[in-house]
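The residues making up each chain are set out below.
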Amino acid sequence: MKIESLSTTPYTDQKPGTSGLRKKVTVFQQSNYLENFVQSIFNSLNDFQGSSLVLGGDGRYFNREAIQIIIKIAAANGFKELIIGQGGLLSTPAASHLIRINKAFGGIILSASHNPGGPDEDFGIKYNVSNGGPAPEKFTDALYENTTTITEYKKADIANVDLDNIGQQQIDGLVITIVDPVSDYADLMASIFDFDLLKSSISSGYISLCFDAMHAITGPYAKRILEDILGAPAGTVINGIPLEDFGGGHPDPNMAHAKELTERMFSDNAPTFGAASDGDGDRNMVMGANIFVTPSDSLAIMAANAKNIPAYSAGISGVARSMPTSQAVDRVAKKLRIPCFETPTGWKYFGNLLDDGQITLCGEESFGSGSNHVREKDGLWAVLFWLNLIAKKRQTVEEIVSNHWQTFGRDIYCRHDYEAVDMEIANGIVDHLRDQLPGLQGQSFGNYTVQYADEFSYTDPVDNSVSSNQGIRIGFEDGSRIIYRLSGTGTVGATLRIYLEKFEEDSAKHNQDAQDALSFLINLAEQFCEVKKRTGRTEPTVIT
């Protein structure tokens, strides 16, 4: 195999965010931009020569071209086997599973998650380590340093690889294995959930469902599992064909973007259960007939009912949530007498806890939940968990949620996103908030007295690594919270996320509209941060 060493110059904007590097497609198409980043990944690794690498993506625009580039660079750097999803397709949780069952050295996943796709939209790349999870902060910091000093990259002089036919190919000692992207993942799901119960519940008509794949990667997975294996009627999966531009839509599973599903679930003929997933298949939205389940409530309900699922019938060791996620799961953990960890936003922070056996379930308010079966959040896993729960408990989604609130109380919660905020303005907002923190403790605003005001820092209990500046917290004596974060998942400007939460024990008040119940905190959040005043906006871009 002929190996070329090609000269290059660094780019200054290749610092990975919360989950890899995300930029516009046109940025990745710049000369050597992708090549630099991929070579910098390999320059940050040790002793990988002769190992295997998993490779795949969510099918968005530029996916196939990027895979061919990565194949050539991986071959030149000494990988001996590349395990690639057919057509270059792999959902993020399926890629994590493939890394684990093949004992691969790691994997490269191509996705910008829930961001739009197309020639003028977003693309992304991230590296996952041998446990199947996202690379830790220590690695991504080293990776970024390498991107600033790179002077050359290696490339194998080989023809483009056939990505569409399953099987093995050999090129001068390099083994390329094209795999069915769904089969191993479907087998994993069958080992976790009671598929026989689900089949009978669907065939009898007890459960009717609709799954919106949003023209993203979960389409083939949902069709195989929900329709082909579990027997749901054809058409249960809508928008099921992955498209490079997601059909012109925004593959973010919330009620603002999954409009077709939302209209169906809030209609007179709503099915028992509705769900959606995102661009790369790691997020989920859960709905019942005329009810939306917040991701925070979903995590808490799954933790409280885990023993109903075959894989977790012996109980769970612990739970974890990202700091902005509501405290609903904390209440479950307290009752179950299991540990509950609060981590920064980003699935990579759950990896050590999962590997160490300290937790079984984990989740984020950003529509992500998962367990120790892989090291990524997993959209279809959450869907199957809820279906198994409905079938086992013989209750509707609304009954399950209502019963949970009766037992634990309700953490009324919402998130306000201000997207594409000018970076200078966004940083000014954060600086303005930081300046107020020292003087807030003990101050009262209406019925709310500030108990603490700080910037969240996390010390990993497994390796003692420290992650600082992970969001601004204002907590009140009654347990209510206002949280502010600048998101690391966008590609234009900054997204300011404001999280609002209050606990309601009185069951007579459990069905309040969140915006009404949180109205005082919403106004107080604006008073603290001045996002509307500073941006000239009158409302958030998205409310979830």
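Residues numbered from 1 in each chain as written. Predicted model: local features only at pLDDT ≥ 70, side-chain atom pairs only at ≥ 80, totals over all residues. Heavy atoms only, no water.

Trainee: Explanation requested: the overall build of the protein chain in the structure shown.
Mentor: Within the protein chain one finds 18 helices and 27 strands. On C-alpha atoms alone, the protein chain measures out to a radius of gyration of 23 Å, which is about the 24 Å that the 2.2 N^0.38 rule sets for 544 residues. Along the three orthogonal principal directions, the C-alpha set of the protein chain runs to about 70 × 60 × 40 Å. Counting over 544 residues, the protein chain shows a buried share of 58%. (Helix = DSSP H or I, 4+ residues; strand = E, 2+ residues; numbered from the N terminus. Rg over C-alpha atoms; globule rule 2.2 N^0.38 Å. Buried < 20%, exposed > 50% of the residue type's maximum accessible area, 1.4 Å probe, protein only.)

Trainee: Explain unusual backbone geometry here, please?
Mentor: Outside of glycine, negative phi angles account for most residues, and trans bonds account for most peptide bonds. Residues other than glycine seldom take positive phi values, yet Phe62 does so here, at roughly 85 degrees. Mapped onto the elements, Phe62 comes out in the loop between β3 (52-57) and α3 (63-76). A positive phi angle, near 55 degrees, is found at Asn469, a position not held by glycine.

Trainee: Where do I start with the sheet that holds strand β11 (residues 237-238) in this structure?
Mentor: Two orientations exist for strands paired in a sheet by backbone hydrogen bonds: parallel and antiparallel. In space, the five strands of this open sheet follow the order β11-β10-β12-β13-β14, with mixed pairing throughout. In the strand order of this sheet, the two ends are held by β11 and β14 (291-293), each with one partner. Of the strand pairs in this sheet, strand β12 (residues 273-277) and strand β13 (residues 284-288) are connected by five bridges, and their pairing is antiparallel. Bridging across to β13, Ala276 finds its partner in Met285. (Pairing = 2+ DSSP bridges.)

Trainee: What am I meant to see in the packing of helix α6 (residues 183-192) against helix α13 (residues 379-393) here?
Mentor: The angle between the axes and the distance between the axes are what describe a pair of packed helices. α13 packs onto α6 with a crossing angle of 30 degrees between their chain directions and a minimal axis gap of 11 Å. With respect to their mutual orientation, α6 and α13 come out roughly parallel. When the axes of α6 and α13 are compared, the crossing they make is right-handed. Residues Tyr185, Met189 and Ile192 of α6 pack against Leu380, Trp381 and Leu384 of α13. Its residues assigned to classes, the contact of α6 with α13 comprises six nonpolar, no polar and no charged. (Axes fitted to C-alpha atoms, helices over the stretch in contact; angles between N-to-C directions. Parallel < 35°, antiparallel > 145°, perpendicular 65-115°, else oblique. Left-handed = near helix turned anticlockwise from the far one by under 90°. Contact = heavy atoms within 4.5 Å. Nonpolar A, V, L, I, M, F, W, Y, C, P; charged D, E, K, R; others polar.)

Trainee: What's the story with the packing of aromatic side chains in this structure? I'm lost.
Mentor: Where two aromatic rings form a pair, the distance of their centres and the angle of their planes describe that pair. Under the counting rule described, the total for this entry stands at 19 aromatic pairs. Geometrically, the ring pair formed by Phe42 and Phe79 is tilted, given 5.3 Å between the ring centres and 55 degrees between the ring planes. Placement of the pair is Phe42 in helix α2 (residues 33-43) and Phe79 in the loop between α3 and β4 (81-89), with a sequence separation of 37 residues. Phe79 carries the same exposure label as Phe42, and that label is buried. Pairing Trp381 with Phe385 gives two aromatic rings, centres 5.5 Å apart and planes at 65 degrees, and the pair type is edge-to-face. Here Trp381 and its partner Phe385 are both found in helix α13, four residues apart, which amounts to about one turn of the helix. (Phe/Tyr/Trp six-rings, centres within 6.5 Å; stacked < 30°, edge-to-face > 60°.)

Trainee: What should I look at first to understand the sheet that holds strand β19 (residues 410-421) in this one?
Mentor: Taking strand neighbours across the sheet as the criterion, the seven strands line up as β20-β21-β24-β25-β26-β19-β27 in an open arrangement whose pairing is antiparallel. Looking along the sheet, the strands with just one partner apiece sit at the ends: β20 (444-445) and β27 (542-543). In the sheet, β20 pairs with strand β21 (residues 448-455) via two bridges, with the strands oriented antiparallel. Bridge pairing in β21 links Phe445 to Tyr448. The strands touched by helix α17 (residues 519-529) are β19, β20, β21, β24 (472-476), β25 (481-487) and β26 (494-504); relative to β25, the strand with the most contacts, the crossing angle is about 55 degrees.

Trainee: I'm lost on the pattern of salt bridges in this one. Help?
Mentor: A full pass over the atoms with the stated rule returns 26 salt bridges. Put simply, Asp411 and Arg331 hold a salt bridge, and the shortest N to O gap is 2.7 Å. Of this pair, Asp411 sits in strand β19 while Arg331 sits in helix α11 (residues 328-336); the two residues are 80 residues apart in sequence, bridging distant segments of the chain. We classify Arg331 as partly exposed; its relative accessible area is 25%. The partner of Arg481 in a salt bridge is Glu342, and the shortest N-O contact between them spans 3.5 Å. Taken as a pair, Arg481 in strand β25 and Glu342 in strand β16 (residues 340-343) lie far apart in primary sequence, 139 residues in all. Residue Arg481 is classed as buried on the basis of its relative accessible area of 2%. Each of Arg321, Asp330, Glu342, Asp454, Arg473, Arg481 and Glu501 takes part in salt bridges that share partners, so that together they form one network. (Salt bridge = Lys/Arg side-chain N within 4 Å of Asp/Glu carboxyl O.)

Trainee: Please explain the environment of Ala76 as it appears in this structure.
Mentor: Tracing the sequence through the fold places Ala76 in helix α3. Residues Ala76 and Tyr413, 337 residues apart in the sequence, show an inter-C-alpha distance of 50 Å. If sequence neighbours within four positions are ignored, Ala76 has contacts with Ile3, Lys154, Lys155 and Ala156.

Trainee: Got a minute to help me understand the side chain of Arg321 in this structure?
Mentor: With respect to the secondary-structure elements, Arg321 resides in strand β15 (residues 319-322). A distance of 3.2 Å separates polar atoms of two side chains, one belonging to Arg321 and the other to Glu342. Setting aside its immediate chain neighbours within four residues, Arg321 contacts Leu299, Ser326, Gln327, Val329, Asp330, Phe341, Glu342, Thr343, Phe350, Gly363 and Arg481. (Polar contact = N/O pair within 3.5 Å; in protein donor to acceptor, adjacent residues only side chain to side chain.)

Trainee: In this structure, what is going on with the nonpolar core? I would like to understand it.
Mentor: Generally speaking, soluble globular proteins have nonpolar side chains that are buried together. Formed by 72 residues in total, the largest nonpolar core has its most connected members in Met189, Phe273, Trp381, Leu384 and Trp386. Residues contacting Met189, with those up to four places away along its chain left out, are Phe195, Ile225, His373, Asp378, Trp381 and Leu384. If you look at the next biggest cluster of nonpolar residues, it comprises 42 residues, including Phe48, Leu53, Phe62 and Ile125. (Core = buried A, V, L, I, M, F, W, Y, C linked by side-chain atoms within 4.5 Å.)

Trainee: Would you take a moment to explain the pairing of β19 for this structure?
Mentor: Counting buried positions along β19 yields ten of twelve residues, so the element is predominantly enclosed. The sheet contact formed by β19 and β26 spans ten bridges and is antiparallel. Across the sheet, residue Asp417 finds its bridge partner in β26, namely Arg497. Bridge count for β19 against β27 is two bridges, and the pairing is antiparallel. In the sheet register, His416 faces β27, and the bridge partner there is Ile543.

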